[in-house]
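The residues making up each chain are set out below.
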Amino acid sequence: MKKRLVSILLMLVLVVSLAACGGGTKDNTTGENTSQGENTSKDDSKSQDKKLTVWLEKVFSDDANAELQERVKAFAEETGIEVKFELLAATDFVPKLNAAIEAGSNVPDVTLTSGAITKVLNYYPNIPNMDVTNLVSEIHASRPYFESIIEGSKIDGVNYFVPFYSSSTLMFIRTDKLAEKGITDYPTTWEEVFEVAEAVSDPKNGFYGLGVGCGPTDEDCENTFRMIMWNNGANIFNEDGTVAIDSENARKMINKYAEMYEKEIIPPSATTWDPGGNNSTYLMGESAIVFNAPTLYNALKGDEAYADILENTVALAPPAGTVNSAVMEFISGFAIMNTCKDVESAELFIKYMLDQEWYDSYFKITAPVFAPIFQDAENDEFWSEGINKEVVNYAKNASGYYGYPVKNIEGRVVAAKHYFTYPVAELLNSVVTGTRSVDEAISKMEADINQITSELK
Amino acid sequence: MNNKFVTILHRITVAIFLIVALFPIYWMLNTSLKTQGEVYSKVPTFLPNNPTLDNFNYLIFETPFMGALKNSLLIALVVTLLSILIAYPTAYSISRLKFKGRNSFAKLILFCYLLPSSVLYIPLYIFVSRVGLSDNIMGLMLIYPTFTLPYVAWILIPHISSIPYDIEEAALVDGCSKFKIMYQIIFPLTIPGVISTAIFAFAMCWGEYLYALVNITDTQAKTFPLIISGLIYGDLYPWGQIMAGSIIGCIPILIIYIASSRFLTGGATAGGVKG
């Protein structure tokens, strides 16, 4: 028996030793180009003992990710600064960063994330990002950003990240289904969208006019319905940060959604959708109009099975409303974390990533999902027509944000924290499933916002 | 006639349960063999129209999935072994020895198991960082016993308690030491319990996501659930690839279940104290 025990213990030691040899090497200096890889790029001959840790949010295409990695490696080779970088899935980014910040260790020096402004606000008052206003101004002076980008990336006049690119929410329309009903003019207002959706709906044959879901975690619903509300005079907040959801316009919009759901203009399964629901409904050929990022366009283009739908699809800017035409801004940017010890190298890295020649070629790979955010994009032939033009126009004109139109930082912080619970999606879900009346749902949203406000105080 | 009816009823019931239990596995396999276009088709197909191995090829040859699988396997094996090695004497002591605070200690083990990982992940991340094992699979080998150890100990306590004490007394009379009784008399009798507990401990480590996500950044050290989650870009899910990863991820667990099933027969001590 003792021999057996000793054998087991020896085996354990062997396995642990193998583990130590086999995985988890922290100092990978190979700089291998792997699509999901963490790499350390280093040029020994130029090494100046400068190091940077960079976390980049992975994007939708392996080619684009590989290009990002190559760029980081080129920076390391040209400057001699050792860069340990990692491409992280968007869903993994925040939990990892939060854990590192909480623990006070392994915090990266530079990050590149989507939805940058909301993430920054969510940390208030302990914002872990450095003030990079001077760097943004310097970049803006040499190559002007769109004004919407400059304005939309500031919090109380301060930049906590350097804008890098913009994403968008476009309106995808099945032109063939509209044509079948004799509709040749595409809707330009939300009222027209609802009318067209009703006209083309054929629920008996499993076809629905409007693919806007209301699952409790449906982020696309959250974004789309906020735009519907802003543009029809139904804000969640006033400019001073007070709650404004209890209004006639808000009731009207919520009731309109519930009515469309009731009439099966919206698919019955919409109450269970996650952010992928609107993609699925369009790809399945189940809905005539959806609002989504241009990743949907790429999906249509990337599979022969969707050739028919792609041929009969047009992607346009979201419509305006009766009182406004604000669209949600989606700016991604580079942040330098407070814990960064070599700010000079971090700034150098960001400027390198924004170098005009590389920048312009990179965003042609990612088009139309990501759009450049500099004014000169309007003069570039590549961005002058079709869906590419739409995404640049979107970047140029976007002015909405979570909490819009709140101006003060306290109100924006409340709105940002509130947003992460997907309150609009939850409100619509509770109304259409009969869990709450419209009044009860509005009261609940008010109570939730007040609770966040009091917690912050 | 009555017995035949009962047998048929039993078989129908088992068949229904089997269908319910196996349907998700079948659907995973079905989806993993489809193109993205077919996955999103309006009418779901119960068999792929044009079966393809593209999803498996992508996962195996264009992502670090296989390396991650190796990491997961190594971590799960080491942690399971460690857990059994440490938890067995713990469970034996609580079950057989009489000492002050024994019941409280047993309850404490249960409380440790019930602590949610969302509460522990930051303190454990700090701990692992301080000992220099963050971003290393050794760090996970240090973390995972925080949930496998209490689980294994808690499950083994009733297993050991169910073994008649008379067997131990007989061994004592024959001059056997406590240590020998623990490992040479009782341990072989708890093998079915140990095996079933080890399988669950292995499965807990195998599919663990949160601790791995927070602690591992280096691709070389990632476990397979992180690679699967990394396949998702935005809101368009590559279901074929995700399901291919899940199918491959099921295989080791299935092999372990099948290989160990012959050890799971209980009742070894039945009649052991008669006569």
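Residues numbered from 1 in each chain as written. Chains lettered and ligands numbered in written order. Predicted model: local features only at pLDDT ≥ 70, side-chain atom pairs only at ≥ 80, totals over all residues. Heavy atoms only, no water.

**Student:** Any chance you could explain the domain arrangement of chain B here in plain terms?
**Tutor:** Interface extent is often summarised as the accessible area lost during association of the parts. Residue and element names in this part refer to chain B. Examined at the domain level, chain B breaks down into domain 1 (2-39) and domain 2 (63-264). The C-alpha centroid of domain 2 is placed 29 Å from the C-alpha centroid of domain 1. Taken together, the seven residues of domain 1 in the interface contact nine residues of domain 2. For the pair domain 1 and domain 2, the summed buried area comes to about 630 Å², and 80% of that belongs to carbon and sulfur atoms. Area buried by domain 1 at its contact with domain 2 is led by M28, S32 and Q36, which between them contribute 63% of it. At the boundary of domain 1 and domain 2, one finds one residue pair in polar contact (both at pLDDT 80 or more). For the side of domain 1 that touches domain 2, the elements supplying multiple residues, two or more each, are α1 (2-32) and α2 (36-39). Broken down by element, the side of domain 1 that touches domain 2 gets its largest block of residues, five residues, from α1. (Domains from an automatic or database assignment. Contact = heavy atoms within 4.5 Å. Buried area = accessible area lost by both parts, 1.4 Å probe. Polar contact = N/O pair within 3.5 Å; in protein donor to acceptor, adjacent residues only side chain to side chain. Helix = DSSP H or I, 4+ residues; strand = E, 2+ residues; numbered from the N terminus.)

**Student:** Honestly, the packing of helix α18 (residues 423-432) of chain A against helix α19 (residues 438-456) of chain A in this entry has me stumped. Any pointers?
**Tutor:** When two helices pack together, their arrangement is captured by the angle between the axes and the distance separating the axes. All names here are of chain A. Here α18 crosses α19 at 155°, and the two axes come no closer than 9 Å. One finds that α18 runs roughly antiparallel with respect to α19. In terms of crossing hand, the pair formed by α18 and α19 is right-handed. On α19, the residues that touch P423, V424, E426, L427, S430 and V431 of α18 are V438, A441, I442, K444 and M445. Of the residues contributing to the contact of α18 with α19, the split by class is eight nonpolar, one polar and two charged. (Axes fitted to C-alpha atoms, helices over the stretch in contact; angles between N-to-C directions. Parallel < 35°, antiparallel > 145°, perpendicular 65-115°, else oblique. Left-handed = near helix turned anticlockwise from the far one by under 90°. Nonpolar A, V, L, I, M, F, W, Y, C, P; charged D, E, K, R; others polar.)

**Student:** Where do I start with the sheet that holds strand β8 (residues 170-174) of chain A in this structure?
**Tutor:** Strands belonging to one sheet form pairs held by backbone hydrogen bonds; the direction of such a pair is parallel or antiparallel. Residue and element names in this part refer to chain A. Pairing in this open sheet of four strands is mixed, and the strands run β9-β10-β8-β11 from one edge to the other. The two strands at the open ends of the sheet, each matched to only one other strand, are β9 (208-210) and β11 (313-316). The mean inter-strand angle of the sheet, taken between neighbouring strand axes irrespective of direction, is 20°. Pairing geometry for β9 and strand β10 (residues 287-292), over two bridges, is parallel. Considered in β10, the bridge of L210 is made with I289. Against the sheet, helix α16 (residues 386-397) touches β8 and β11, its axis set at about 150° to β8. (Pairing = 2+ DSSP bridges.)

**Student:** Teacher, can you tell me more about the interface of chain B and chain A here?
**Tutor:** The interface of chain B with chain A comprises 51 residues on the first partner and 61 residues on the second. Summing both partners gives a buried area of about 4300 Å² for chain B against chain A, and 59% of it is carried by carbon and sulfur. Its largest share of buried area at the contact with chain A, chain B owes to K42, Y233 and D235 of chain B, together 16% of the area lost on that side. Inspection of the region where chain B meets chain A yields two salt bridges. Joining chain B to chain A, the criterion identifies 14 residue pairs in polar contact (both at pLDDT 80 or more). Contributions of two or more residues to the side of chain B that touches chain A are made by α2, α3 (54-62), α4 (65-96), α6 (117-130), α7 (137-143), α10 (178-189), α12 (210-215) and α13 (224-229) of chain B. Here the side of chain B that touches chain A gets seven residues from one element, more than from any other, and that element is α4 of chain B. Tallied by class, residues from the side of chain B that touches chain A come to 28 nonpolar, 15 polar and eight charged. (Salt bridge = Lys/Arg side-chain N within 4 Å of Asp/Glu carboxyl O.)

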